[in-house]
Number of protein chains: 2
Amino acid sequence: MAADPRPSVTSRVLAILGAFDEHRPRLTLTELAQAADLPVSTAHRLVGELRAWDAVERDADGRYVVGRRLWKLGTLAPVARELREASLPAMQDLYEATHENVQIAVREGTTALYVERIHGKASVPVLSRPGVPLPLHATGVGKVLLAYAPREVVEQCVENLQPITRYTITERGRMLRELAAVRRLGYARTVEEMGYGTCSLAVPVLGPDDEVVASLALVTSTVRRDLVKFAPALRVAAASITRRMSL
Amino acid sequence: MAADPRPSVTSRVLAILGAFDEHRPRLTLTELAQAADLPVSTAHRLVGELRAWDAVERDADGRYVVGRRLWKLGTLAPVARELREASLPAMQDLYEATHENVQIAVREGTTALYVERIHGKASVPVLSRPGVPLPLHATGVGKVLLAYAPREVVEQCVENLQPITRYTITERGRMLRELAAVRRLGYARTVEEMGYGTCSLAVPVLGPDDEVVASLALVTSTVRRDLVKFAPALRVAAASITRRMSL
DNA sequence: CGTCCGTTTCCGTCAGACGGAAACTCACCC
DNA sequence: GGGTGAGTTTCCGTCTGACGGAAACGGACG
């Protein structure tokens, strides 16, 4: 992002692709050039090649968007091919049992990256969408992922607990106790820490070597205070995901 | 793919990314170099840059796989962001009503590209997976997409109807009549044309300008001969997708 | 201990990327 | 109608950073 000494062609191409994010999925050539810190003519040439390959497309009003080919490519990534595929049936079952939001996320650095979410028309609206990262300390999945994260990640997160609602945990000591509780109980709860009116219950999902690879959660409206009763169901679902992943 | 006159750096990078597909999602450096038709040392250098950006990663046994960052990028593509997001609630409802496979696909050239699929543990196993293309002429969604495709696409498909099962339609005339029937009835059926033991019912999904942008289908085991009774439910779901897309 | 196969590093040569500038397009407004 | 401006596309002379052969490296196998 900052000043790299040797701008290679590859880095420029990647800078162009990196200009797209969840807040700016549609960009004009000029915006693209600015975001990638390139002269327009250079951006134009590179984007031309990307377009020829269908890595980017132009939509109705001439803006550039991420192309189908990149979407297809993305489906080959292990998060999609392995984790997502292994999780869906179990998530589906959970959804049918509860009719609440069901979501699964992995840790990416100091954020929780949502991989998939199941929700019907009736479920509470939530912020998570596949591919979008949310903070670790204010979400159910996040607290689980943090509870089993390496020491240095915990340190880093715990030093900088940004408040999001009035109920977000922002004291270092309290968060550390919370994480210890998560490890002891095997699940994490949140109550309006990420958004008013929603609470969640999350459990870890283990990989083949018993390390925590993801976290699975139910997210409901605050009215349902009895969320903990679903902990066993979540654990069963998590175990089923683990089993399917190691096939 | 063949011999392009000027191999630009960008084209080489894209050739490397293009080496991954659903049959070969994990590749060694040497395989990658072969597939992209590059000397290993060149591939090594480029892959190094891709890796630094998380466009590719190395898995446990050192093979290269598509990285998370590309997956995230892919979620920003319109198929994922708009079509998929708009479809999921309706697909979820259909699934709950039927407990059969529910799938949605778009046309990509002369293939049907699956965008999403909902299935529980109990549903019939099917071949479709998000990101994977299947033939237009042997699938329910495919026949719908073909029925509303431009003339030249129809010509091209109809000239080359590869048999897949004993029941696959391979005669040009019969397929053309079938497509006319799809337009007349507003749905397509398949009975064991793609795989023994499965049949499907598909309807078109319209975009904001009344053009067919996708196709939505139910796929069940052949035992359920009464699939047509779900046509109204499918149409309602398709209409709901159209509405949500134009928000 | 030697062989094989894939990976990584090195560096002299030169092909291809660079980007400033100018032409172009289109929407909007006076 | 024609002037303005923001965004897009084309062009081409300069020179930088990509190229890839070769050789070293690593580790699995017998």
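Residues numbered from 1 in each chain as written. Chains lettered and ligands numbered in written order. Predicted model: local features only at pLDDT ≥ 70, side-chain atom pairs only at ≥ 80, totals over all residues.

## With respect to the protein's contact with DNA strand C
Around DNA strand C lies a shell of 17 residues, among which Ser41 of chain A together with Ser8, Thr28, Leu29 and Thr30 of chain B are the nearest. Elements that contribute at least two residues to the surface near DNA strand C include exactly α1 (9–18) and α3 (40–52) of chain A together with α2 (29–36) and α3 (40–52) of chain B. Looking at which element gives the most residues to the surface near DNA strand C, the answer is α3 of chain B, with 3 residues. Broken down by class, the residue content of the surface near DNA strand C amounts to 7 nonpolar, 8 polar and 2 charged. (Near = placed C-beta within 6 Å. Helix = DSSP H or I, 4+ residues; strand = E, 2+ residues; numbered from the N terminus. Nonpolar A, V, L, I, M, F, W, Y, C, P; charged D, E, K, R; others polar.)

## Regarding the interface of chain B and chain A
With 41 residues of chain B at the interface, the matching set in chain A holds 41 residues. Elements supplying a minimum of two residues to the side of chain B that touches chain A: α1 (9–18), α3, β2 (64–66), α4 (68–74) and α5 (78–98) of chain B. In terms of residue count, α5 of chain B provides more of the side of chain B that touches chain A than any other element does, 8 residues in total. Of the residues belonging to the side of chain B that touches chain A, the class tally is 22 nonpolar, 9 polar and 10 charged. (Contact = placed C-beta atoms within 7 Å.)

## Here's the deal with the protein's contact with DNA strand D
Taken together, 17 residues lie near DNA strand D, and Ser8, Thr28, Leu29 and Ser41 of chain A together with Ser41 of chain B sit nearest. Elements supplying a minimum of two residues to the surface near DNA strand D: α2 (29–36) and α3 of chain A together with α1 and α3 of chain B.

## Quick word on the sheet that holds strand β7 (residues 198–206) of chain A
Residue and element names in this part refer to chain A. An order of β5-β4-β3-β8-β7-β6 is seen for the 6 strands of this open sheet, with the pairing classed as antiparallel. On the outer flanks of this sheet lie β5 (133–135) and β6 (188–191), each paired with one strand and no other. The sheet shows a mean angle of 35 degrees between the axes of neighbouring strands, direction not considered. Note that β6 and β7 share 4 bridges and pair antiparallel. By the bridge assignment, arginine 189 is partnered in β7 with leucine 201. Against the sheet, helix α9 (residues 231–245) engages β7 and β8 (212–221), with an angle of about 35 degrees to β7. (Pairing = 2+ DSSP bridges. Axes fitted to C-alpha atoms, helices over the stretch in contact; angles between N-to-C directions.)

## Brief notes about the packing of α1 of chain A against α3 of chain A
Residue and element names in this part refer to chain A. Close contact between α1 and α3 brings their axes to 10 Å; oriented N to C, the two are set at 80 degrees. Classified by the angle between their axes, α1 and α3 sit roughly perpendicular to one another. Contacts between α1 and α3 pair Arg12, Val13 and Ile16 from the former with Thr42, Ala43, Leu46, Val47 and Leu50 from the latter. Taken together, the residues that form the contact of α1 with α3 break down as 6 nonpolar, 1 polar and 1 charged. (Parallel < 35°, antiparallel > 145°, perpendicular 65-115°, else oblique.)

## Quick look at the relation of the copies chain B and chain A
Overlaying chain B with chain A gives an RMSD of 0.1 Å, the required rotation being 180 degrees about an axis along which the chain moves by 0.0 Å. Here the two chains are linked by the operation of a two-fold rotation axis. The C-alpha atom lying nearest the rotation axis in chain B is that of glycine 74 of chain B; the distance is 2.6 Å. A shared binding surface is used by both copies, with 100% of the interface residues of chain B retained as interface residues in chain A. (Least-squares fit on C-alpha atoms with pLDDT ≥ 70 in both.)

## Details of the pairing of strand β4 (residues 111–118) of chain A
Residues and elements named next belong to chain A. Here β4 lies mainly inside the structure; 7 of its 8 residues are buried. Pairing analysis gives 7 bridges linking strand β3 (residues 101–108) to β4, with the strands arranged antiparallel. If you follow valine 102 over to β4, its bridge partner there is isoleucine 118. Taken together, β3 and the strand that follows it, β4, pair antiparallel across an intervening segment of 2 residues, in which glycine 109 is found at a positive phi of about 60 degrees. Note that β4 and β5 share 3 bridges and pair antiparallel. (Buried ≥ 20, exposed ≤ 12 C-beta atoms within 10 Å, placed from the backbone.)

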